[in-house]
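Descriptive structure summary
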Amino acid sequence: MADAHQKNHDYHIIDPSSHPFVGSVGALIMALGGIAYMRYLSGGSLEMFGLELANPWLFFVGLAIVIYTMIVWWADCIKEGHQGYHTPVVSMHLRYGMIMFIASEVMFFVAWFWAFFDASIYAGEAAQVARVEHTGGQWPPVGIEVLDPLHLPLYNTIILLLSGTAVTWAHHALLHGNRKGLIQGLVLTVVLGVLFSFVQAYEYVHAPFAFKESIYGATFFMATGFHGFHVLVGTIFLLVCLIRAATGDFTPEKHFGFEAAAWYWHFVDVVWLFLFFSIYIWASWGATIAAH
């Protein structure tokens with residue numbers, strides 16, 4: 001009878017967990033909180049079940065729940081890997097899952113690029129439909145000064161390309177059992193990721209246009225800001241990998257957590273190249289460049 005209950009397959013049947021439910025509740029609270037926060041900022045109200053929800057706190061409560069769920073859930077995944085549950089079949093499925101996640105992220109960026117090119121190629125029609133400022137039939141719209149693509153955007157392009165090289169170096173070091181090289185490569189990648197975020201924040205503060213003043217500003221900040229958020233997430237992802245590497249995690253044979261982080265970072269790199277050449281260079285061709 002005991003043999004009938006022995007595991008005779010390569011799959012990992014996980015124990016019952018509250019993580020999906022708690023994460024879903026946190027996501028729902030965060031979504032409602034985001035709406036409530038925007039209502040609060042615009043001076044409006046949001047009543048549900050007799051409660052006034054227009055405040056800045058509900059969103060952060062949901063965000064805290066989601067972050068907590070991510071931490072404990074991924075910690076369980078790491079523990080399962082250490083316990084030997086990540087068989088070749090399970091590892092393959094984890095890779096498929098990461099690939100599908102990145103594919104879904106690609107579609108997010110397709111939406112932002114679509115909005116930008118629709119507004120830029122059909123500048124006059126976009127202005128009429130959105131009921132925004134007169135574009136003068138050109139892009140950028142009349143009166144808009146753009147950022148110099150060969151200044152801060154070029155710096156950030158170099159920073160991201162170097163960071164992609166550094167994370168590849170770390171990966172090759174890991175494959176050859178060089179833990180020192182792995183840690184050094186990850187440290188450099190994380191530092192470059194933080195530097196990119198600081199440069200982009202400085203660029204946003206000194207941008208000659210605002211988010212809500214023009215369709216140009218709205219499409220620019222949505223596309224580049226969404227990417228900036230991904231850089232922040234990727235930096236945290238790699239920082240966690242750095243901490244794990246420093247504590248002895250990852251071997252040349254077992255390192256999917258790091259591999260997933262490297263894939264994600266390369267994805268962020270590639271998206272930035274498209275942003276740089278389309279939104280910064282192509283869209284500023286012949287436009288008035290703002291003074292540094």
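Everything that follows concerns the structure shown earlier in this document.
Here's a quick rundown of the structure. (Residues numbered from 1 in each chain as written. Predicted model: local features only at pLDDT ≥ 70, side-chain atom pairs only at ≥ 80, totals over all residues. Heavy atoms only, no water.)

Comments concerning the packing of helix H3 (residues 88–121) against helix H8 (residues 256–281)
It is the contact of H3 with H8, at a shortest axis distance of 11 Å, that shows an interaxial angle of 15 degrees. As the angle between them shows, H3 and H8 are arranged roughly parallel. Crossing angle aside, the handedness with which H3 passes H8 is right-handed. Residues Leu94, Arg95, Met98, Ile99, Phe101, Ile102, Glu105, Val106, Phe109, Phe113, Phe116 and Phe117 of H3 form the contact with H8, whose own contacting residues are Phe256, Glu259, Ala260, Trp263, Tyr264, Phe267, Val271, Phe274, Leu275, Ser278 and Ile279. (Axes fitted to C-alpha atoms, helices over the stretch in contact; angles between N-to-C directions. Helix = DSSP H or I, 4+ residues; strand = E, 2+ residues; numbered from the N terminus. Parallel < 35°, antiparallel > 145°, perpendicular 65-115°, else oblique. Left-handed = near helix turned anticlockwise from the far one by under 90°. Contact = heavy atoms within 4.5 Å.)

Let's talk about the state of the cysteines
Counted by the stated rule, this structure contains zero disulfides. For the unlinked cysteine Cys77, the closest cysteine sulfur is that of Cys241, found at 13 Å. With relative accessibility at 27%, the residue Cys77 sits in the partly exposed group. On the basis of relative accessible area, Cys241 is assigned to the buried category, the value being 2%. (Disulfide = S-S within 2.5 Å. Buried < 20%, exposed > 50% of the residue type's maximum accessible area, 1.4 Å probe, protein only.)

Let's talk about the packing of aromatic side chains
Applying the stated criterion to the full structure yields 28 aromatic pairs. The interplanar angle of 85 degrees and the centroid separation of 5.0 Å between the aromatic rings of Phe209 and Tyr216 together place this pair among those described as edge-to-face. Classification of Tyr216 by relative accessible area gives buried; the value is 2%. (Phe/Tyr/Trp six-rings, centres within 6.5 Å; stacked < 30°, edge-to-face > 60°.)

Here's the deal with the nonpolar core
As a rule of thumb, soluble globular proteins bury nonpolar side chains together. Ranked by size, the top nonpolar core spans 53 residues in total, and within it Trp139, Leu186, Phe220 and Phe258 carry the most contacts. When residues of this core are traced back to their parent elements, those giving at least two are H3, helix H5 (152–175), helix H6 (179–205), helix H7 (215–246) and H8. The element contributing the most residues to this core is H8, with 14 residues. With sequence-adjacent residues up to four places away left out, Trp139 is seen in contact with Phe116, Ala119, Ser120, Ala123, Ile215, Tyr216, Thr219 and Ala283. (Core = buried A, V, L, I, M, F, W, Y, C linked by side-chain atoms within 4.5 Å.)

Quick notes on the environment of Met38
Residue placement: Met38 occurs in helix H1 (residues 19–41). Considering only alpha carbons, one finds Met38 and Val191, 153 residues apart in sequence, at a separation of 33 Å.

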